[in-house]
Amino acid sequence: MRYAWDPESALLDRIERTVRRRERAVSYSRYVAIGDSSTEGLDDPDGTGRHRGWADRFAAHVAGAQPEPLLYANLAVRGLKTREILETQLERALAMRPDLATVFAGTNDIIRRRVDPDAVAADLRTMHRAFHEVGATVLTITMPDLSRVIPGAGRLRPRLEAINAATRAICAETGSLCADLTRYPGAEDPRFWSDDRLHANALGHARIAEGLAHRLGLPGFNDSWAVPLPPIPRASMATRLAAELRWMQRHLLPWLWRHATDRSSSDGITAKRPELTLVVERNAPSRRSFTRDRMIGS
C-alpha cells in the first residue's frame, strides 16, 4: 500500500525528532548549590518543618528534564557573607565533582555597615572560575532592588548595583549563565517576598527556579516566569503604617539586636543537604510531545 507524502506531517516529524534529541542531550549527574539563606531556601517551607527554596525546586526541574538520575547537594547556610561562603563551601563543593552548580552570594555583604564591592566581586569570580575549571555548568541570579519593600533600602542601591554589575561581568567573562532578575519588571513585587521582606516566599522561590530552568534551556520552560503579577489596589495610609510598624517589631529590631550583640543567624546552623543525594522529582512540569496544536499556538 502506498501512502501520500504530507509535507506538513514530515516537517512536524522532523521538528519532533529534533526536540527529542535536544531533550536527550540535557543530562547532568551532580548538581551542587552554594550560597546563603536564599539558596538554603528561607522562607519556602516544605511542609515538614524544613525549607525547600529555589535550589531544591531547580534540582527537581533538572531531574524532570532528563531520563538519567540527578544527585544534588545544597551546602548553603544562612547569614554567611561571600568570603565565608568561599572559605566554608567551595572546596567541599568541588570535591563532589559537579557538572552543574549554582553560585549566589552578596546579600549579607551589602546589608552590613561596611562592604568592599570589589572584594565581593573577586570572591564571586574565584568561585565561578573554580567550578568552570572542573567542567561544571554554572548559573547565578542578580539581586532585585528591594527598596519598594524595605524602608530605607534605597541607600543600599549603589552597593547592590555594583555587585549585580560585577555578576554580569563575571558571567560574560567565564560563560556562567545568569537569570538576571533585575532586568524583569515585577521582581520587587511584595507578593514575591516573605514577611521579613528580605527572603523570597514560596511564590518567589518558584519563579526563581523557573527562571534558572529557562536560562539553562530546559525543555518545557519559557519566559513566562518573568510575567508580572496583576496590579493590586494601593492600601490606605493607615494600613501601610500598621504594616511598617509590625515589620519593624518582628524583624528589623531583632536583626539590629542580633548584630549589636555580634551574633549571626548562621550560629548553630549546618547545611541542609551536605551530601549528594538522589533527587526525587517533585512538582516539575510535565513534558508534552511537540504536536501540531502547539505549533500553531492553540
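Note that the structure is predicted; figures quoted are calculated from it, not measured. (Residues numbered from 1 in each chain as written. Predicted model: local features only at pLDDT ≥ 70, side-chain atom pairs only at ≥ 80, totals over all residues. Heavy atoms only, no water.)

A. Main features of the overall build of the chain. Check the secondary structure of the chain and you find 10 helices and six strands. When the 298 residues of the chain are sorted by exposure, 45% land in the buried category. Relative to all contacts within the chain whose residues are 6 or more apart in sequence, the contacts with residues 24 or more apart total 78%. Summing over all exposed atoms, the chain offers an accessible surface of approximately 16,200 Å²; the carbon and sulfur share of this is 53%. (Helix = DSSP H or I, 4+ residues; strand = E, 2+ residues; numbered from the N terminus. Buried < 20%, exposed > 50% of the residue type's maximum accessible area, 1.4 Å probe, protein only. Contact = heavy atoms within 4.5 Å. Areas by Shrake-Rupley, 256 points an atom, 1.4 Å probe, with all protein chains shown as cover.)

B. The pattern of salt bridges, seen in detail. If you walk through the whole model with that rule in mind, you get 11 salt bridges. A salt bridge links glutamate 275 to arginine 92; the shortest N-O distance between them is 2.8 Å. Taken together, the residues glutamate 275 in strand S6 (residues 273-278) and arginine 92 in helix H4 (residues 82-95) connect sequence positions 183 residues apart. Judged by its relative accessible area of 46%, glutamate 275 falls in the partly exposed class. The salt bridge partner of glutamate 173 is arginine 129, with a shortest N-O separation of 2.5 Å. Linking glutamate 173 in helix H7 (residues 157-174) with arginine 129 in helix H6 (residues 117-133), this pair joins segments that are 44 residues apart in sequence. Under the relative-accessibility criterion, arginine 129 is labelled partly exposed at 41%. (Salt bridge = Lys/Arg side-chain N within 4 Å of Asp/Glu carboxyl O.)

C. Focus on the packing of aromatic side chains. Evaluated as defined, the whole model comprises three aromatic pairs. Judged by centre distance (5.4 Å) and plane angle (85 degrees), the rings of tyrosine 31 and phenylalanine 58 are edge-to-face. Here phenylalanine 58 lies in helix H3 (residues 53-64) and tyrosine 31 lies in strand S1 (residues 30-35), a separation of 27 residues in the sequence. When sorted by exposure, tyrosine 31 lands in the same class as phenylalanine 58, which is buried. Each member of the aromatic cluster is reached from another via a ring pair, and the members are Tyr31, Phe58 and Tyr72. (Phe/Tyr/Trp six-rings, centres within 6.5 Å; stacked < 30°, edge-to-face > 60°.)

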